[in-house]
Amino acid sequence: MDWRCCFLLLISSQQILLSKGTSERGAFSIWYKLDCQYFRRMKEIAVIGAGTMGNGIAHVFAQHGYAVTLVDVQSAALERALSTIAKNLDRQVAKGKIDEGQKSETLRRLSTATQLDEAIRNADLIVEAATENQEVKLNIFKQIDAAAKDGAILATNTSSISITQIAAATQRPEAVIGMHFMNPVPVMKLVEVIRGYATSDQTNDQVVALSEAIGKTPVEVNDYPGFVANRILMPMINEAIYTLWQGVAKVEAIDTVMMLGMAHPMGPLHLADFIGLDVCLSIMRVLHQGLGLAKYAPCPLLVNMVAAGKLGKKTGEGFYRYTPGSKEKVAVM
């Protein structure tokens, strides 16, 4: 098990004991008797959904020493995920961030499954990373709740849907929490940690410590539509789409203004393609319905593009047209 988890628990427990007047030697003795029980047993992780986020989350946990089972109903999706993880590990090797031995060990810790119930039965942490659809997530959490062992933490990588509502689909809402990773997961440091109404302190503290143990920076936020990241990001993207729809400027002009004028590494329309226009639309609808303000209404152009199947890079066309195997892109509008 990753030593950093135990170290974090040691430091925090010693500080609490010392603040209560316990001697340094006595504090260490009490901690030692606790035997770092939770972190010693958190060894197995299950990740549900083998898409971009799911394979990235599986990659990071496996790279940090955890046995990971990646679950998806489609065998082809699992094959693509393993191929993507291997390529991303190759990229890390080429940059000198890991060596060939670490790459091999990471891949060895990964397994795949198509049957959810059996795959998560022994998992200490289950991270759901399925499509950003409330009905889909609620159904998955009902299945997780029925199959997961007592004491398991049930996390969701949702980027906007209420943790409280997801938790209500289970019989253990105290063990449900949001663990919102950023894309690409192996590169981006942030994890939004979102407590539901009933999430326990223990669940929250364990997820915060675990996020740090896998090299991430956890930021605790409250359970409101869009949390922090997408409450700010998605309305900006939506406004960029309105700017295009209303004829203020063309695609490349809008992106160039934001990159050169605001120092954004990627323009909002290119970023929308990268995220997936269907995902952007889903999040905007959550914001609009949850907050009830007209400013969150998704742009009609976004709605039409999703209806037409123009979802961005994953379908080959969104605001830009993409060529498979190439980084080249051509603005469509």
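Quick note: structure is the one above.
Cut-offs used in this document
Residues numbered from 1 in each chain as written. Predicted model: local features only at pLDDT ≥ 70, side-chain atom pairs only at ≥ 80, totals over all residues. Heavy atoms only, no water. Patch = residues over 30% accessible without salt bridge, like charges linked within 9 Å, V, L, I, M, F, W, Y side chains within 5 Å. Areas by Shrake-Rupley, 256 points an atom, 1.4 Å probe, with all protein chains shown as cover. Salt bridge = Lys/Arg side-chain N within 4 Å of Asp/Glu carboxyl O. Lys, Arg positive; Asp, Glu negative; His and termini not counted. Charge placed at Lys NZ, Arg CZ, Asp CG, Glu CD. Helix = DSSP H or I, 4+ residues; strand = E, 2+ residues; numbered from the N terminus. Pairing = 2+ DSSP bridges. Axes fitted to C-alpha atoms, helices over the stretch in contact; angles between N-to-C directions. Contact = heavy atoms within 4.5 Å. Buried < 20%, exposed > 50% of the residue type's maximum accessible area, 1.4 Å probe, protein only. Core = buried A, V, L, I, M, F, W, Y, C linked by side-chain atoms within 4.5 Å.

(A) Quick look at a positive patch on the surface. On the surface, a cluster of positive charge is made up of K87, R91, K95, K97, K189, K313 and K327. Its location among the elements puts R91 in helix α5 (residues 75–94).

(B) Summary view of the sheet that holds strand β7 (residues 190–195). If you trace the eight strands from one edge of the open sheet to the other, you get β3-β2-β1-β4-β5-β6-β7-β8, paired in mixed fashion. Either end of the sheet is taken by a strand with one partner, and the two such strands are β3 (110–113) and β8 (217–221). Taking the axes of each pair of neighbouring strands and ignoring which way they run, one obtains an average angle of 25° across the sheet. Direction of pairing for strand β1 (residues 44–48) relative to strand β4 (residues 125–128): parallel, over a ladder of four bridges. Within β4, the residue paired with A46 across the bridge is I126. Packed on one face of the sheet, α5 meets β2 (67–71) and β3 and runs near 165° to β3.

(C) Molecular detail of the environment of P225. Assignment of secondary structure puts P225 in the loop between β8 and α11 (229–245). Separated by 64 residues in sequence, P225 and I161 have C-alpha atoms that sit 6.4 Å apart. Excluding anything up to four places from it in sequence, P225 contacts S160, R231, V286, L287, G290 and L291.

(D) Main features of helix α13 (residues 268–275). Of the positions making up α13, those classed as buried are P268, L269, H270, A272 and D273. For α13, the secondary structure elements touched by its buried residues are α11, α12 (251–262), α14 (277–291), β9 (320–322) and β10 (329–331). Trailing α13 by a residue or two, G276 shows a phi angle of about 115°, which is positive.

(E) The nonpolar core, seen in detail. Judged by nonpolar contacts, the single largest core of 36 residues is most densely connected at I57, F61, Y66, V68, L125, M179 and F181. A total of six residues in this core trace back to one element, the largest contributor, which is helix α4 (residues 52–63). Setting aside residues no more than four positions away along its own chain, F61 makes contact with I45, Y66, V68, L125, V127, M179, F181, L210 and I214. If you look at the next biggest cluster of nonpolar residues, it comprises 27 residues, including L138, F141, I163 and V286.

(F) Here's a closer look at the pattern of salt bridges. If you walk through the whole model with that rule in mind, you get twelve salt bridges. A salt bridge links K137 to E132, with the nearest nitrogen and oxygen atoms 3.8 Å apart. We note that K137, like E132, is buried. Residues K314 and D278 are paired through a salt bridge, measuring 2.8 Å at the closest nitrogen-oxygen approach. Of this pair, K314 sits in the loop between α15 (300–307) and β9 while D278 is found in helix α14, placing the two residues 36 residues apart along the sequence. With relative accessibility at 25%, the residue D278 sits in the partly exposed group. Three or more residues are tied together by salt bridges with common partners; here these are E105, R108 and R109.

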